[in-house]
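Letter by letter, the chains look like this.
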There are 2 protein chains.
Amino acid sequence: MRVLEVRETAIPVAAAMANAAIGFDEMTASAVAVRTDRRVGGAPVIGYALDSVGRYAHGGLLRERFIPRLEAAAAVEIADPETGLVDPMRAWPVLMRNEKPGGHGERSAAVGVLDAALWDAAAKAARVPLWRLLADRFNGGGADGTVEIYASGGHYRPDDPVGALAREVRDGMAQGFRTFKIKVAGAPPETDRARIEVALDAAGEGGRIAVDANAVLDRESAFRMAAMLADYDLAWFEEPCDPLDFALTREIAAAYPGPLATGENLFSAADARNLLRYGGLRKDRDLLQFDVSLSYGIPEYLRIVAEIERAGWSRRRLVPHAGHLFALNVVAGLGLGGHEIAPDASFALGGLPDGWTVDGGRVAPGDLPGVGFEGKANAMAVLGALMG
Amino acid sequence: MRVLEVRETAIPVAAAMANAAIGFDEMTASAVAVRTDRRVGGAPVIGYALDSVGRYAHGGLLRERFIPRLEAAAAVEIADPETGLVDPMRAWPVLMRNEKPGGHGERSAAVGVLDAALWDAAAKAARVPLWRLLADRFNGGGADGTVEIYASGGHYRPDDPVGALAREVRDGMAQGFRTFKIKVAGAPPETDRARIEVALDAAGEGGRIAVDANAVLDRESAFRMAAMLADYDLAWFEEPCDPLDFALTREIAAAYPGPLATGENLFSAADARNLLRYGGLRKDRDLLQFDVSLSYGIPEYLRIVAEIERAGWSRRRLVPHAGHLFALNVVAGLGLGGHEIAPDASFALGGLPDGWTVDGGRVAPGDLPGVGFEGKANAMAVLGALMG
């Protein structure tokens, strides 16, 4: 089994919203389709993938370096010799051939989105859901029947900083979510305090609010924010400072008693290891949010899982950033802690597959072969058109 | 003064050679020209830049994100209000608008190559060499009249691992170099030992050999290599291990008495700071090789200089990776430690400007306005064609 053709496009995921670090007016993401020489039920096996959000599409890198390497790879380089099926673990070193060490950004997303499409193809060729394939291969068969998910939103909207937030949180709770993450650090402290109180009120009994500072705070403002947040019972305080400032992360962890969460802007096992070595995070409460497809995909993510377990952490502390259905499969199959969902289904990367329901903040991963994009019309509108 | 148009192309810099990490068969680099609305002597001011080598061209990222931001920038956003001349320090935040923190790779080179072209344009508009402009603005006027340079080569060539090396080192010494860097860790230890001895012999009296392991060694092989290298008096041992493995770097620094050099695969001030905080490097002997144009250009490099001085290091320990004439200007203007040259002038990114001579391992930076590419025919063959 080999890859005959890869197609990609950049889809706009623009919105009139912002977090504390960036606006999303011109945001894009890559959509990828990988056509293989294998047929199932008479149709060619095509693997699909969508980028995570926030780091733009990577069409240039895909076309310049990574798609040519994959299209040129012989079956003997990327397929399992026993089953003949494409094996993304073998394809990964082909994608990374002649790439220097270090510099883990951008290319990590280009490789990751191809890796994700290869896993979709591999699971479809094996006629199993991806979470089942991952559980059998890497987790002793132990997949989670349901996965804890949380709703991610609460961006700054210039027209209505507080009112829209209350509606958004209430809608999330009505959909069955139990935890809702909102943005902070992009407005004056009194506005952020008002937003947190409105969100806590909208979350109601049994609901929880997490806050995300998107890595913009310096030392002084991080401590001021931490002091303000200590007035509330929050699910977690996310990205209080620059993701690579491990010394400041350590200081904040020593001062803030509630859970911290970080890691979505570290894109390799080497960077993850440094966070664990130097960041002073606490195994009993903090969350690690490395993004699977922005971090070179599953082969590198498995190295991250190995690093955190070697350091004595439970993989239940891993709650990957974004990554939609692909990441949900990884969370269920590897038995991780939870999954992030942008609940707005009008957003191509957001929402759950059609007809899924959230119950007590949890969902069951689907039964479609592969990642399951075929059960999500707004994703297939983009992905299905690629090989059309 | 504003940017009217940016053009870029990927130039092949392929060669039948390898270091321990990668082959160069398909290596490319970006060449960039930035046309401004300013005229000097009747001709439009055009800024040129060439990528450093080793991380491929970045045309896709340039076209997708960074060139559009620069072309859309108004003069008020990127020009000095007093002189009216383009100011790359003001253009930098425009280039980085809506970019998330972390993930310092690839985009750092795309931004860096545009930044380099803007500095060429700014110095040409001011009718001064770039090293003079940098010295006046950032170094109290104190530029170095000559710069220490070293020859970088000694790659593995499949046909002739040792004989070609001796000729290469002798040629470098005959050109006036005093230090020659060769590759190690890409062959069995006995071959590397033979290569080192041949190179030391070819360097002769007063010549020095540095060795570069290109970050491929694991803990055990790094210590084995260090033990072997301790038999010789080497200029330095470069990239003994993964650039992000600061703990292993620290262990090697504690065990190896000679100078170490690293940093060329860390592309931000945040990463540089972590190397200083955790890598155990020694201020009295080790070298820091952050690459100026692969690391977001001069604005970020100035933050790196500030970080290392805050940590008590001298800027003379900074010897930037590659970067050809642009980096030579930075080294001379900011008073850094030295500069890397690929002495083979048939290589578009290699050699010195036409007619320059190396004396005692040092060169004088030229007097042409800007970076000085106009004095180097093989560079202008590529750059001059961009706006042709």
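Scroll up to find the structure.
Once a new chain begins, its residue numbering starts again from 1 and follows that chain's sequence as written. Ligands are numbered from 1 and chains lettered from A, in the order in which they are written. Reporting in this predicted model follows two pLDDT cut-offs: at least 70 for local features of residues, and 80 or more for side-chain atom pairs to be given and counted; totals over whole chains, interfaces and linings ignore these cut-offs and use all residues. Each side-chain value is worked out from all heavy atoms of the structure, with water and hydrogens disregarded.

Is there a simple way to explain the relation of the copies chain A and chain B in this structure?
Note on the chain copies: they are related by a rotation about an axis and a translation along it. Superposing copies: least-squares fit, C-alpha atoms only, residues required to have pLDDT of at least 70 in both. When chain A is fitted onto chain B, the two copies agree to an RMSD of 0.0 Å after a turn of 180° and an axial shift of 0.0 Å. The superposition of one copy onto the other is thereby described by a two-fold rotation axis. For chain A, the smallest separation between a C-alpha atom and the rotation axis is recorded for A:Gly60, amounting to 1.8 Å. Interface residue correspondence from chain A to chain B reaches 100%, placing this contact among same-surface, isologous pairings. It only takes one pair of heavy atoms within 4.5 Å for two residues to be counted as in contact.

Mind showing me how you'd approach the sheet that holds strand β3 (residues 43–50) of chain A here?
Pairing between sheet strands relies on hydrogen bonds along the backbone, with the strands arranged either parallel or antiparallel. Residue and element names in this part refer to chain A. Whether two strands pair comes down to DSSP finding at least two bridges between them. Strands here are runs of E lasting at least two residues and helices are runs of H or I lasting at least four, both read from the DSSP assignment and numbered beginning at the N terminus. Pairing within the open sheet is antiparallel, and its three strands lie in the order β1-β2-β3. Taken across any chain shown, the strands that pair with only one partner, and hence form the sheet edges, are β1 (3–12) and β3. Taken pair by pair, the neighbouring strands of this sheet meet at an average axis angle of 20°, ignoring direction. Lying on the sheet, helix α1 (residues 59–72) is in contact with β1 and β2 (28–40); it crosses β1 at an angle near 165°. Interaxial angles span 0 to 180 degrees and are taken between N-to-C directions of axes, which are lines fitted to C-alpha atoms, for helices over the stretch in contact.

Please explain the sheet that holds strand β3 (residues 43–50) of chain B as it appears in this structure.
Residues and elements named next belong to chain B. Taken in spatial order, the three strands line up as β1-β2-β3 in an open sheet, and their pairing is antiparallel. In the strand order of this sheet, the two ends are held by β1 (3–12) and β3, each with one partner. Averaged over all pairs of adjacent strands, the angle between their axes in this sheet comes to 20°, without regard to strand direction. In this sheet, strand β2 (residues 28–40) lies alongside β1 in antiparallel orientation, the contact comprising nine bridges. From the neighbouring strand, Val6 faces β2, where its bridge partner is Val34. Taken strand by strand, helix α1 (residues 59–72) contacts β1 and β2, and its axis lies near 165° from that of β1.

Would you mind showing me how to read the packing of aromatic side chains here?
Each aromatic ring pair is described using two quantities: the centre-to-centre distance and the angle formed by the ring planes. In this scheme Phe, Tyr and Trp rings, the latter by its six-membered ring, pair at centre separations within 6.5 Å, and the angle between planes marks the pair as stacked below 30 degrees, edge-to-face above 60, and tilted otherwise. Across all of its chains, the model carries nine aromatic pairs over all chains by this definition. Summarising the aromatic geometry, the rings of A:Phe237 and A:Tyr256 are spaced 5.5 Å apart at their centres and angled 75° between planes, so their arrangement reads as edge-to-face. In this pair, A:Phe237 sits in strand β7 (residues 237–238) while A:Tyr256 sits in the loop between α9 (246–255) and β8 (260–262), placing the two residues 19 residues apart along the sequence. Taking the relative accessible area as the measure of exposure, A:Tyr256 reaches 4% and is therefore buried. On the numbers, 6.1 Å between centres and 75° between planes, the contact of B:Trp119 with B:Phe138 is edge-to-face. Placement of the pair is B:Trp119 in helix α4 (residues 107–125) and B:Phe138 in helix α5 (residues 130–138), with a sequence separation of 19 residues. A 1.4 Å probe rolled over the protein chains alone gives each residue an accessible area, and that area as a share of the maximum for its type sets the label: buried under 20%, exposed over 50%, partly exposed in between.

Teacher, can you tell me more about the packing of helix α3 (residues 88–95) of chain B against α4(B) here?
The axes of two packed helices give the description: the angle between them and the distance between them. All names here are of chain B. Where α3 meets α4, the closest approach of the two axes is 10 Å, and the angle between their N-to-C directions is 155°. As summarised for this structure, α3 and α4 are arranged roughly antiparallel, according to the angle between their axes. The hand of the α3/α4 crossing is right-handed. Counted together, Pro88, Met89, Ala91, Trp92 and Leu95 of α3 and Val111, Leu114, Asp115, Leu118, Trp119 and Ala122 of α4 form the full contact between these two elements. Just so you know the grouping, Ala, Val, Leu, Ile, Met, Phe, Trp, Tyr, Cys and Pro go in nonpolar, Asp, Glu, Lys and Arg go in charged, and all remaining residues, Gly too, go in polar. Tallied by class, the residues present in the contact of α3 with α4 amount to ten nonpolar, no polar and one charged. Every angle not falling under 35 degrees, over 145, or within 65 to 115 is termed oblique; those three ranges are roughly parallel, roughly antiparallel and roughly perpendicular. The hand of a helix crossing depends on one turn: near helix anticlockwise from the far one by less than a right angle means left-handed, and clockwise means right-handed.

This is a description of form; function is not addressed.
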